[in-house]
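Structural characterization, general
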Amino acid sequence: MPRVKKEEQVEKKPRKKAKPIQTVKGMKDILPPEQFIWDYILHNSRKICQDFGFGRIETPILENTDLFKRGVGQATDIVEKEMFSFETQGGDNVTMRPEGTAGVVRSYIENGMSRWSQPVRLYYEGSMFRYDKPQQGRFREFHQFGAEVFGEEGSAIDAQIIYLAWKIFQKLGLRDVSIQINSIGCPTCRNKYKKLLTDYYDMKINKLCVDCKRRLEKNPMRLLDCKEEKCLQVAAGAPQIIDNLCDDCNTHFKSVLEFLDELEIPYVLNPSLVRGLDYYTRTVFEIWADGDEGESRQAALGGGGRYDGLVELLGGEPTPAVGFSFGVERVADKVMKMGLDLEPKVVKDVFLVQLGDMARKKVMKIFDKLVDNNILVGESLGKGSIKSQLRTANKVRAKLALIVGQKEAIDGTVIIRDMDSGMQETVILENIVEDVRRMLKG
Ligand code: AMP
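Residues numbered from 1 in each chain as written. Predicted model: local features only at pLDDT ≥ 70, side-chain atom pairs only at ≥ 80, totals over all residues. Heavy atoms only, no water.

Overview of the overall build of the chain
Within the chain one finds 16 helices and 16 strands. Taken over the C-alpha trace, the chain has a radius of gyration of 30 Å; the compact-globule value for 442 residues is 22 Å, which it surpasses by more than 25%. Dimensions along the principal axes, computed over C-alpha positions, put the chain at roughly 90 × 65 × 45 Å. Here the chain holds 442 residues, and 48% of them are scored as buried. Pairs at least 24 apart in sequence give 70% of the contacts found in the chain among residues at least 6 apart. As presented, the chain carries roughly 24200 Å² of accessible surface, and 51% of it is formed by carbon and sulfur atoms. (Helix = DSSP H or I, 4+ residues; strand = E, 2+ residues; numbered from the N terminus. Rg over C-alpha atoms; globule rule 2.2 N^0.38 Å. Buried < 20%, exposed > 50% of the residue type's maximum accessible area, 1.4 Å probe, protein only. Contact = heavy atoms within 4.5 Å. Areas by Shrake-Rupley, 256 points an atom, 1.4 Å probe, with all protein chains shown as cover.)

This is the structure we're talking about:
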């Protein structure tokens with residue numbers, strides 16, 4: 001019977017495992033397999049924006065809280081309950097941006113872009129933060145790609161921004177999407193309409209959900225896109241803004257639609273589309289994935305519109321502007337479901353095979369030399385056998401394997417093996433780049 005050592009007789013206490021720390025609620029990692037999809041989306045979106053003459057802008061994630069209170073609007077869901085706001089150690093009230101437009105407008109004013117040749121076309125991408133209820137397609141940190149045009153009030157620019165959004169979705173292969181479009185008028189006709197709407201809803205107040213009863217006073221247009229069944233029924237009979245636009249807004253909207261017809265962009269007139277941000281004027285639109293209409297705002301892949309009053313509201317000269325953004329997570333989800341094979345195939349010219357510590361050191365140097373000379377190199381610096389390393393070389397379809405064992409490491413030589421024919425040749429380490437080049441050509 002084998003003798004049991006004394007120490008082994010002592011009962012081992014299970015080691016206490018540290019409790020893992022998880023991501024903050026509503027936030028997530030974007031891992032390498034997803035990055036291929038993100039690269040595909042962002043690369044194509046950037047390229048289209050650049051082709052349309054847009055320049056990239058980056059603004060800080062943190063902005064003064066007042067920017068969003070004033071810009072996005074006090075009575076919006078975002079400002080009322082969704083902002084990540086805090087006081088800095090120096091006593092400043094700051095907010096992690098919940099959307100991109102307000103920051104870009106601040107930058108337009110602060111950097112004197114009204115003196116640049118107009119229109120100024122800018123695109124951006126980055127994280128946005130909203131303290132929203134996390135659920136499918138709704139996170140507390142999410143990413144937007146967006147574009148803004150400043151300094152043009154003509155309807156052609158509204159159409160162009162919609163065309164840009166449409167083109168990006170088409171380029172990504174997302175063909176089953178629709179443009180939902182509406183006009184919410186200018187402050188003059190909208191105020192008249194709001195009065196009409198409030199009178200209508202006042203008569204139906206008992207049929208509304210609690211949220212809508214509360215919203216009615218501050219933001220009656222938001223009642224139009226409430227998803228509660230009973231509110232939907234009331235909204236169906238509500239007066240429509242489109243019938244109450246002033247002449248200028250009416251002409252502007254009609255002209256936007258004519259441009260879209262000309263560009264053959266299919267759209268759906270949606271009288272209950274009002275968007276959740278206060279700054280919009282006239283054209284508003286969203287991009288919905290077909291089949292998601294029931295969930296609308298929740299499912300919108302992107303949205304935008306005209307915001308002619310925002311630059312002035314934030315302290316700049318009156319400047320018309322229009323823009324749009326889409327949510328990268330939601331678009332990535334749709335792209336993933338299309339099942340495109342976006343992961344680049346790993347293909348190497350050369351694979352480094354080594355045996356022993358000394359050889360491993362040599363191989364690391366060879367790796368560096370080859371990479372510097374633009375040769376695609378693979379390696380496995382672990383302790384696998386030569387056979388298993390050669391298997392990996394085959395997997396990455398390397399044309400050559402460079403083998404360094406103990407003997408080669410001492411002699412300063414390398415064995416080059418042609419992976420197709422199995423022929424081997426021993427060469428001097430010093431000249432490795434030239435020999436590899438010669439054999440790759442051969
Ligand atoms: P919005 O500024 O609310 O119109 O949002 C524009 C786009 O950003 C939406 O259409 C979504 O694709 C995306 N988005 C907005 N909120 C979230 C969120 N909480 N999580 C993920 N994506 C979002």
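That was the structure; now back to the text.
Brief notes about the environment of Leu122
Tracing the backbone through its elements, the reader meets Leu122 in strand β5 (residues 120-129). Not counting the four nearest positions on each side in its chain, Leu122 is found in contact with Phe54, Gly55, Ile57, Val104, Met113, Gly146, Ala147, Glu148 and Phe150.

Brief notes about the site of the ligand
Every one of the 14 residues lining the ligand counts as a neighbour, but Arg130, Phe139, Arg275, Ala300 and Leu301 are closest to it. Within the side chain of Arg275, one N or O atom sits 2.9 Å away from an oxygen atom of the ligand. The backbone of Gly302 places a nitrogen or oxygen atom 3.2 Å from an oxygen atom of the ligand. When the ligand is considered free in solution it has 480 Å² of accessible area, and contact with the protein chains removes 95% of it. Those elements that place two or more of their residues in the shell around the ligand are β6 (141-150) and β11 (321-327). Here the residues of the shell around the ligand sort into four nonpolar, five polar and five charged. (Near = heavy atom within 4 Å. Polar contact = N/O pair within 3.5 Å; in protein donor to acceptor, adjacent residues only side chain to side chain. Nonpolar A, V, L, I, M, F, W, Y, C, P; charged D, E, K, R; others polar.)

Re a negative patch on the surface
A cluster of acidic residues, Glu258, Asp261, Glu262 and Glu264, forms a negative patch on the protein surface. Structurally, the position occupied by Glu264 is in the loop between α10 (247-262) and β8 (267-269). By relative accessible area, Glu264 is classed as exposed at 67%. (Patch = residues over 30% accessible without salt bridge, like charges linked within 9 Å, V, L, I, M, F, W, Y side chains within 5 Å. Salt bridge = Lys/Arg side-chain N within 4 Å of Asp/Glu carboxyl O. Lys, Arg positive; Asp, Glu negative; His and termini not counted. Charge placed at Lys NZ, Arg CZ, Asp CG, Glu CD.)

Considerations on unusual backbone geometry
Geometrically, the link from Gln118 to Pro119 is a cis peptide bond, its omega value of 0 degrees lying close to zero. Within the element layout of this structure, Pro119 appears in the loop between α5 (101-110) and β5. One non-glycine residue, Glu264, adopts positive backbone phi at about 55 degrees. Its identity is not glycine, yet Arg282 carries a phi of approximately 55 degrees, on the positive side. As for its position among the elements, Arg282 is in strand β9 (residues 281-289). Looking at Arg282, the relative accessible area reads 14%, which means it is buried.

Here we look at the packing of aromatic side chains
The final tally for this structure, using the stated rule, is twelve aromatic pairs. Among the aromatic side chains, those forming a connected cluster through ring pairs are Tyr108, Phe150, Tyr279, Tyr280 and Tyr307. Directly above the aromatic system of Phe139 lies the positively charged group of Lys28, at a separation of 5.3 Å from the ring centroid. Taking NZ or CZ as reference, Arg140 lies 3.8 Å from the ring centre of Tyr131, over its face. (Phe/Tyr/Trp six-rings, centres within 6.5 Å; stacked < 30°, edge-to-face > 60°. Lys NZ or Arg CZ within 6 Å of the ring centre and 35° of its normal.)

Some thoughts on the packing of helix α6 (residues 155-171) against α10
For the pair α6 and α10, interaxial distance at closest approach is 8 Å and the crossing angle is 45 degrees. By the angle between their axes, α6 is oblique relative to α10. The two elements α6 and α10 meet at a crossing, and its hand is right-handed. Only His252, Ser255, Val256, Phe259 and Leu260 of α10 make contact with α6, whose side of the interface consists of Ser155, Ala156, Asp158, Ala159 and Ile162. Class assignment for the residues of the contact of α6 with α10 results in six nonpolar, three polar and one charged. (Axes fitted to C-alpha atoms, helices over the stretch in contact; angles between N-to-C directions. Parallel < 35°, antiparallel > 145°, perpendicular 65-115°, else oblique. Left-handed = near helix turned anticlockwise from the far one by under 90°.)

Observations concerning the nonpolar core
In this structure, Phe150 and Tyr201 are the most contacted members of the largest nonpolar core, which totals 96 residues. Top contributing element to this core by residue count: α6, with nine residues. Dropping the residues within four chain positions of it, Phe150 is found in contact with Val104, Val105, Tyr108, Gln118, Pro119, Val120, Leu122, Tyr307, Val311, Thr319, Pro320 and Ala321. Judged by nonpolar contacts, the second largest core, of 20 residues, contains Val404, Val427, Val433 and Val436. (Core = buried A, V, L, I, M, F, W, Y, C linked by side-chain atoms within 4.5 Å.)

Thoughts on the domain arrangement of the chain
Once the domains are mapped, the chain shows domain 1 (32-186 + 246-338) and domain 2 (350-441). Of note, the centres of domain 1 and domain 2, computed from C-alpha atoms alone, are 51 Å apart. (Domains from an automatic or database assignment.)

Quick look at the sheet that holds strand β15 (residues 413-418)
Strands pair in a sheet through their backbones, by hydrogen bonds, and they do so in one of two ways: parallel or antiparallel. Taking strand neighbours across the sheet as the criterion, the five strands line up as β13-β12-β14-β15-β16 in an open arrangement whose pairing is mixed. Of all strands in the sheet, those bounded by a partner on one side alone are β13 (377-379) and β16 (424-428). Put simply, the sheet's adjacent strands are angled 30 degrees from each other on average, direction ignored. Here strand β12 (residues 350-354) runs beside strand β14 (residues 400-404); their pairing, made up of five bridges, is parallel. Following the sheet pairing, Leu352 is matched in β14 by Leu402. Of the strands in this sheet, β12, β13, β14 and β15 are in contact with helix α13 (residues 357-372), which crosses β12 at around 165 degrees. Here helix α14 (residues 386-395) sits on the sheet in contact with β12, β14 and β15, set at roughly 170 degrees to β12. (Pairing = 2+ DSSP bridges.)

Quick word on the side chain of Glu125
If you trace the backbone, Glu125 turns up in strand β5. Looking at Glu125, its side chain comes within polar contact range of the side chain of Arg46, at 2.8 Å.

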